[in-house]
Amino acid sequence: QKEVEQNSGPLSVPEGAIASLNCTYSDRVSQSFFWYRQYSGKSPELIMSIYSNGDKEDGRFTAQLNKASQYVSLLIRDSQPSDSATYLCAVKSDTGRRALTFGSGTRLQVQP
Amino acid sequence: DTGVSQDPRHKITKRGQNVTFRCDPISEHNRLYWYRQTLGQGPEFLTYFQNEAQLEKSRLLSDRFSAERPKGSFSTLEIQRTEQGDSAMYLCASSLGQSREKLFFGSGTQLSVL
């Protein structure tokens, strides 16, 4: 079982729709959760962080965390073609390994 | 530019050669990470430094790989006797090293081993 799992996609949504990206993780002591966006040929760019159960909103992005279910998600409202990228879920434990563990990413395609 | 910088951006080498990459982190960041990423995969952790101390190394980091951060500022990653399987994007990231730290990545070095 991978430590951080994501559906590889592609997830295709029409422009203006809500894109929903999901991630599950295996380490119950994970405390910090991040979403990175990566355009093709570029490096990952941090877009959201979440540390407590519930929702966290930042502009068109909402991160949702459910530690009991070991599940974190990212919602992108009013999706734009410029949102087309790979979205990486990353998880960090405050014990053991201190570095982020990444999922393989979900490729999002927003159709104009 | 005050972000993480990596050099070179691209490196093509022949199998068996040694290569060295450099990373300059954001100036006030005391943690520095090296990751490797292949096509279709997420970044895989290699090693990280707290100031000049190398605190963790992944099992992915074979004896052919060595990393240094001699003065707690820039870091180098050397790969000796490169193999075709070493072809990947090598990413450097830095952080403040606080609780709930956030990593910021450089543009990466794309290594191609022929």
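Just above, that's the structure.
Residues numbered from 1 in each chain as written. Chains lettered and ligands numbered in written order. Predicted model: local features only at pLDDT ≥ 70, side-chain atom pairs only at ≥ 80, totals over all residues. Heavy atoms only, no water.

Asks: What exactly am I supposed to notice about the overall build of chain A here?
Replies: Counting its secondary structure elements, chain A contains 0 helices and 11 strands. Taken from N to C terminus, the helices and strands of chain A fall in the order β-β-β-β-β-β-β-β-β-β-β. Taken against the 2.2 N^0.38 rule, which gives 13 Å for 112 residues, the C-alpha radius of gyration of chain A at 13 Å falls within 12% of a compact globule. The C-alpha extent of chain A, read off along each of the three principal axes, is 45 × 30 × 20 Å. Counting all 112 residues of chain A, 46% fall into the buried class. Taking contacts inside chain A between residues at least 6 apart in sequence as the whole, the part at least 24 apart equals 55%. (Helix = DSSP H or I, 4+ residues; strand = E, 2+ residues; numbered from the N terminus. Rg over C-alpha atoms; globule rule 2.2 N^0.38 Å. Buried < 20%, exposed > 50% of the residue type's maximum accessible area, 1.4 Å probe, protein only. Contact = heavy atoms within 4.5 Å.)

Asks: Would you take a moment to explain the state of the cysteines for this structure?
Replies: Formally, a disulfide is one covalent bond, and it connects the sulfur atom of one cysteine to the sulfur atom of another. Here the structure, examined in full by the defined rule, presents 2 disulfides over all chains. Here C23(A) engages in a disulfide with C89(A); their sulfurs sit 2.1 Å apart. Residues C23(A) and C89(A) are joined by a disulfide whose S-S torsion is about -70 degrees; by sign, that bridge is left-handed. Taken as a pair, C23(A) in strand β3 (residues 19–25) and C89(A) in strand β9 (residues 85–93) lie far apart in primary sequence, 66 residues in all. No difference in accessibility class separates C23(A) from C89(A), as the two residues are buried. C23(B) shares a disulfide with C92(B); S-S distance 1.8 Å. Note on the C23(B) and C92(B) pair: the S-S dihedral is about -70 degrees, so by sign convention the disulfide is left-handed. Separated by 69 residues along the polypeptide, C23(B) in strand β3 (residues 19–24) and C92(B) in strand β9 (residues 88–95) bring together distant segments of the chain. Across the pair, C92(B) and C23(B) agree in class, each one buried. (Disulfide = S-S within 2.5 Å.)

Asks: Would you take a moment to explain the interface of chain A and chain B for this structure?
Replies: Accessible area lost when the parts come together is the quantity often used to give the size of an interface. With 21 residues of chain A in contact, the opposing surface of chain B contributes 21 residues. Overall, the association of chain A and chain B removes approximately 1,700 Å² of surface from exposure, summing both partners, and the carbon and sulfur fraction of that is 53%. Here chain A and chain B share 0 salt bridges between them. The tally of links from chain A across to chain B stands at 5 residue pairs in polar contact (both at pLDDT 80 or more). Put simply, the parts of the chain that give the side of chain A that touches chain B at least two residues each are β4 (30–38), β5 (45–50) and β9 of chain A. Per-element tally for the side of chain A that touches chain B: the top contributor is β4(A), with 4 residues. (Buried area = accessible area lost by both parts, 1.4 Å probe. Salt bridge = Lys/Arg side-chain N within 4 Å of Asp/Glu carboxyl O. Polar contact = N/O pair within 3.5 Å; in protein donor to acceptor, adjacent residues only side chain to side chain.)

Asks: Before we go on, may I ask you to explain the sheet that holds β3(B) in this structure?
Replies: Strands pair in a sheet through their backbones, by hydrogen bonds, and they do so in one of two ways: parallel or antiparallel. All names here are of chain B. Read from one edge to the other, the open sheet built from 4 strands follows the order β1-β3-β8-β7, with strand pairing classed as antiparallel. At either end of the open sheet lies a strand with only one pairing partner, and these are β1 (5–7) and β7 (65–68). Between one strand axis and the next, the sheet turns through 15 degrees on average, direction left out of account. Note: β1 against β3, 3 bridges, orientation antiparallel. Bridging across to β3, S5 finds its partner in D24. (Pairing = 2+ DSSP bridges. Axes fitted to C-alpha atoms, helices over the stretch in contact; angles between N-to-C directions.)

Asks: What exactly am I supposed to notice about the sheet that holds strand β8 (residues 71–76) of chain A here?
Replies: Residues and elements named next belong to chain A. Overall, antiparallel pairing links the 5 strands, which are arranged β1-β3-β8-β7-β6 in an open sheet. Here the strands that pair on one side only, and so sit at the sheet edges, are β1 (4–5) and β6 (54–58). By the bridge criterion, 6 bridges tie β3 to β8 in an arrangement that is antiparallel. Considered in β8, the bridge of T24 is made with Y71.

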